[in-house]
Amino acid sequence: MHFTLTDLVTDITQNAVEAGAQLVELDVIESNAGKTGEFRFLVKDNGKGMTKEELKRALDPFVTDGIKHPNRKVGLGLPFLIQTAEQSGGGWDVQSEKGQGTTVTAWFDTGNVDIPPTGDIPGMFRTILMFDSKAEIIIRRKQNGNEYEICKSEIAEAIGGFEDAGALVLLKEYLVSLEDSE
């Protein structure tokens, strides 16, 4: 079960990394207008992609390929995303082409009573940047006029990698400062 929107974003981004992508792009956009607004994200990868039949199976909560997670009998990432988006007045779209990659987009009405809390955006970005993968990860963030972009390879070079606890503290402080720079 996903308790926050950031849990959903992290799960879908992890799927992209695990699909053998060399490039993963994540856009997280929040807009607020009075009591209504929207939380939207897009995860695009150049991984293995899916055929129409594989995509159909990926959308079925009672099907898994048994390869990615050998002990699981169900695959719930996309079905949870779809359920959460639809129950909170939002929507979703998944585009995939075998050998080319996948793009997952979801949006949520932030004024809807059924929307989960947003969660910890800087913490989510830190987790995603720390995924054990050689994939380049580019994160773009927009929130009510505040915009920034970060790149995993540039961050790793600046802080000396993601293995040192001190570097991870610096990364956290940096990501928090980006969110607070409105």
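This text gives an overview of the structure that appears in the document.

Rules behind the numbers
- Residues numbered from 1 in each chain as written.
- Predicted model: local features only at pLDDT ≥ 70, side-chain atom pairs only at ≥ 80, totals over all residues.
- Heavy atoms only, no water.
- Helix = DSSP H or I, 4+ residues; strand = E, 2+ residues; numbered from the N terminus.
- Polar contact = N/O pair within 3.5 Å; in protein donor to acceptor, adjacent residues only side chain to side chain.
- Pairing = 2+ DSSP bridges.
- Axes fitted to C-alpha atoms, helices over the stretch in contact; angles between N-to-C directions.
- Left-handed = near helix turned anticlockwise from the far one by under 90°.
- Contact = heavy atoms within 4.5 Å.
- Nonpolar A, V, L, I, M, F, W, Y, C, P; charged D, E, K, R; others polar.

A separate point is the side chain of Asn146. With respect to the helices and strands, Asn146 occurs in strand β6 (residues 146-151). A polar side-chain atom of Asn146 sits 3.1 Å from the main-chain carbonyl oxygen of Leu178.

A few words on the pairing of β6. Across 6 bridges, the pairing between strand β5 (residues 136-143) and β6 is antiparallel. Across the sheet, Ile139 pairs through a bridge with Ile150, a residue of β6. Hairpin connection between β5 and β6: a loop of 2 residues separates the two successive antiparallel strands, and Asn144 in this loop has a positive phi of roughly 45°.

Here the focus is the packing of helix α1 (residues 5-18) against helix α3 (residues 77-87). At a minimum axis distance of 10 Å, the contact between α1 and α3 shows a crossing angle of 145°. For α1 against α3, the interelement crossing comes out left-handed. Across the interface between the two elements, Leu8, Asp11 and Ile12 of α1 pack against Gly77, Leu78, Phe80, Leu81 and Thr84 of α3. Here the residues of the contact of α1 with α3 are counted per class, giving 5 nonpolar, 2 polar and 1 charged.

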